[in-house]
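Coordinate analysis (summary)
Read off the chains here:
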Amino acid sequence: MEPVFRSLEIAGRAAVRVTGTRITFRGLEHIPSTGGAVVAINHTSYVDFLPAALAATARRRRMRFMIKAEMKEVRFVNFLITRAGTIPVDRQSGAESYPVAVRQLRAGELVGVYPEATISRSFELKEFKSGAARMAWEAQVPIIPLIVWGMHRIWTKDHPKVLGRNNIPVTVQAGPALTAGPDTGHTMIELRTAMTTLLHRVQDDYPHPAGAHWVPRRLGGAAPTPDEARLLDEAEAARRRAGRA
C-alpha cells in the first residue's frame, strides 16, 4: 500500500467528479494487468497525465511518470515525486533518469513516457525522442501506445485554464502492444504510426467545432499548424536560454 499514491488517486477521481469531466476509456485491455511496460502518451496538455493515470488505475495498476526535473523545485511536487515513484528528467541530460526508468520497468512497473517531450501546440504529434524505444528494448518490455484527447481544452500552452465545472468530454484510447527491437529507429517509426492511427481514430469520433482554438488546423480549427507551432516552440526555447544566461 502506498498512502501518497492512494491519496493522489482519490484526489484525481474527486477532481474529475467536481469538474464534470467525462472520461471515456477505450482499449484498456491492451494495458497489461501484470509486468512492466512503457506507456507512450501523446502530450497536448499540462494535465493529460491524470486520465492516463486513471486508465492504469482501471486496470488495477499504477503508472510511474517521467516528468521534467524542474518540477522538483516546487516543494509540494517534490514531496510527491519522492513518494509516488515519479521519475524526474533533466532535459539537458537524461542520463540519470534513464537507468531509474529501466530498473522500474524490470521490476514490473508501468512507466509513462511522453515521446514528444513537450506539449504540442498544434495538437498533432510532434517529432519523437527515442527514449521510449531504447528503455523498452533494454528492459525487454512492451510499449503501449496511449492517446489522451480533450484535456487540452482544460489547460494547455498559450491559453487560460478552464476551471470549475466544465463537463468537457475526454477520450483515452490504448492500442495493441508493440515489441521494441534493437533498431531504435524502426521501433520509433512503428510507435509513431500506431499513435497517429489511434489519434485520428479518436479525433474522428470527437466533435470539433470549426474555428475553435483547441481544434487542429487539419480539422478546421484555429490551432497553429505543425510548422507554426515549431516556430513558437523555438521562440520559447530562445527566451528560456536568454533567461538562464
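Residues numbered from 1 in each chain as written. Predicted model: local features only at pLDDT ≥ 70, side-chain atom pairs only at ≥ 80, totals over all residues. Heavy atoms only, no water.

The chain is annotated in an unreviewed UniProt entry as 1-acyl-sn-glycerol-3-phosphate acyltransferase of Mycolicibacterium bacteremicum.

1. Some remarks on the overall build of the chain
Short version of the rule: In DSSP terms, a helix is any run of H or I states spanning at least four residues, a strand is any run of E spanning at least two, and both are numbered starting from the N terminus. Here the term buried applies to any residue with accessible area under 20% of the maximum for its type, exposed to any over 50%, and partly exposed to those in between, with areas from a 1.4 Å probe on protein chains only. We call two residues contacting when some pair of their heavy atoms lies within 4.5 Å. Here, Shrake-Rupley sampling with a 1.4 Å probe gives the accessible areas, and only protein chains in the shown set may cover a residue.
Per the secondary structure count, the chain includes seven helices and seven strands. From first element to last, N terminus to C terminus, the chain shows the α and β order α-β-β-α-β-α-β-α-β-α-β-β-α-α. Within the span of the chain, comprising 245 residues, buried residues form 48% of the whole. Within the chain, counting contacts between residues at least 6 apart in sequence, those at least 24 apart form 73% of the total. Accessible area for the chain stands at about 12300 Å²; split by element, carbon and sulfur atoms hold 56% of it.

2. Thoughts on the nonpolar core
The nonpolar side chains of a soluble globular protein tend to be buried with one another. Under the convention used in this document: Side-chain atoms within 4.5 Å link the members of a nonpolar core, which is a set of buried Ala, Val, Leu, Ile, Met, Phe, Trp, Tyr and Cys residues.
Counting residues in hydrophobic clusters, the biggest one holds 64 residues, and the most contacted among them are Val 38, Ile 41, Met 135, Leu 146 and Leu 191. Among the elements that line this core, the one with the most residues is helix α6 (residues 184–204), at seven residues. Those residues in contact with Val 38, other than ones at most four positions away along the chain, are Leu 105, Val 111, Val 113, Ala 132, Met 135, Ala 136, Val 141, Pro 142, Ile 143 and Ile 144.

3. Considerations on the pattern of salt bridges
Counted only if it meets this: Any Lys or Arg side-chain nitrogen found within 4 Å of a carboxyl oxygen on Asp or Glu counts as a salt bridge.
Tallied over the full model, the rule gives eleven salt bridges. The closest approach of N and O atoms between Arg 230 and Asp 227, which form a salt bridge, is 2.4 Å. Note that Arg 230 and Asp 227 are positioned in helix α7 (residues 226–244) at a spacing of three residues, about one turn of the helix. Judged by relative accessible area, which is 43%, Arg 230 ranks as partly exposed. One continuous salt-bridge network, built from bridges that share partners, spans Arg 121, Lys 126, Lys 157, Asp 158, Asp 233, Glu 236 and Arg 240.

4. Observations concerning the side chain of Lys 157
Within the secondary structure layout, Lys 157 lies in the loop between β6 (143–149) and β7 (169–174). Take Lys 157: its relative accessible area is 10%, and that puts it in the buried class. Residues within four places of Lys 157 in sequence aside, it is in contact with Tyr 46, Ile 119, Arg 121 and Glu 236.

5. Things to note about the packing of aromatic side chains
Each pair of aromatic rings is reported with the distance of its centres and the angle of its planes. Formally: Between 30 and 60 degrees the pair is tilted, below 30 it is stacked and above 60 it is edge-to-face, where a pair is any two Phe, Tyr or Trp rings, Trp via its six-membered ring, whose centres lie within 6.5 Å.
If you walk through the whole model with that rule in mind, you get three aromatic pairs. When the ring of Phe 49 is compared with that of Phe 65, the centres are 6.4 Å apart and the planes differ by 80°; the resulting orientation is edge-to-face. Residue Phe 49 is found in helix α2 (residues 49–58), and its partner Phe 65 is found in strand β3 (residues 63–68); the two are separated by 16 residues along the sequence. Judged by relative accessible area, Phe 49 falls into the partly exposed class, the value being 39%.

6. Comments concerning the packing of helix α5 (residues 131–139) against α6
To keep it simple, the criterion reads: To get an axis, fit a line to the C-alpha atoms, keeping to the stretch in contact for a helix; angles then go from 0 to 180 degrees between the N-to-C directions. Crossing handedness: left-handed means the near helix sits turned counterclockwise from the far one by under a right angle, and right-handed means the same turn made clockwise. Put simply, Ala, Val, Leu, Ile, Met, Phe, Trp, Tyr, Cys and Pro go in the nonpolar bin, Asp, Glu, Lys and Arg in the charged bin, and everything else, Gly too, in the polar bin.
Where α5 contacts α6, the two axes come as close as 9 Å, and the packing angle between them is 115°. You can see that α5 and α6 cross each other, and the crossing is right-handed. Together, Ala 132, Ala 133 and Arg 134 of α5 and Thr 184, Thr 187, Met 188 and Leu 191 of α6 make up the contact between the two elements. Of the residues contributing to the contact of α5 with α6, the split by class is four nonpolar, two polar and one charged.

7. Remarks on α7
Let me state the cut-off plainly: Multiplying 1.5 Å by the residue count of a helix minus one yields the expected span of that helix. Note: the arc covers the axis-to-C-beta directions of the helix.
If you check α7, its first and last C-alpha atoms are 27 Å apart, about what 19 residues at 1.5 Å a residue would give, namely 27 Å. Looking at α7, one finds that the buried residues are Ala 229, Asp 233 and Glu 236. Burial along α7 is one-sided: seen end-on, the buried residues are contained in an arc of 65°. Exposed residues on α7 whose side chains face more than 90 degrees from its buried face are Leu 231 and Ala 242.

8. As for the packing of helix α4 (residues 97–106) against α5
Condition: Each angle is binned into one of four classes, with values under 35 degrees roughly parallel, values over 145 roughly antiparallel, values of 65 to 115 roughly perpendicular, and all other values oblique.
It is at 9 Å that the axes of α4 and α5 come closest, and there the two elements cross at 50°. As summarised for this structure, α4 and α5 are arranged oblique, according to the angle between their axes. The element α4 and its partner α5 pack so that their crossing is right-handed. Contacts from Tyr 98, Ala 101, Val 102, Leu 105 and Arg 106 of α4 reach α5 at Gly 131, Arg 134, Met 135, Glu 138 and Ala 139. Here the contact of α4 with α5 is composed, by residue class, of six nonpolar, one polar and three charged.

9. Looking at unusual backbone geometry
We note that Arg 60 has phi near 60°; this positive angle belongs to a residue other than glycine. For Arg 60, the position within the fold is in the loop between α2 and β3. Judged by relative accessible area, Arg 60 falls into the exposed class, the value being 80%.

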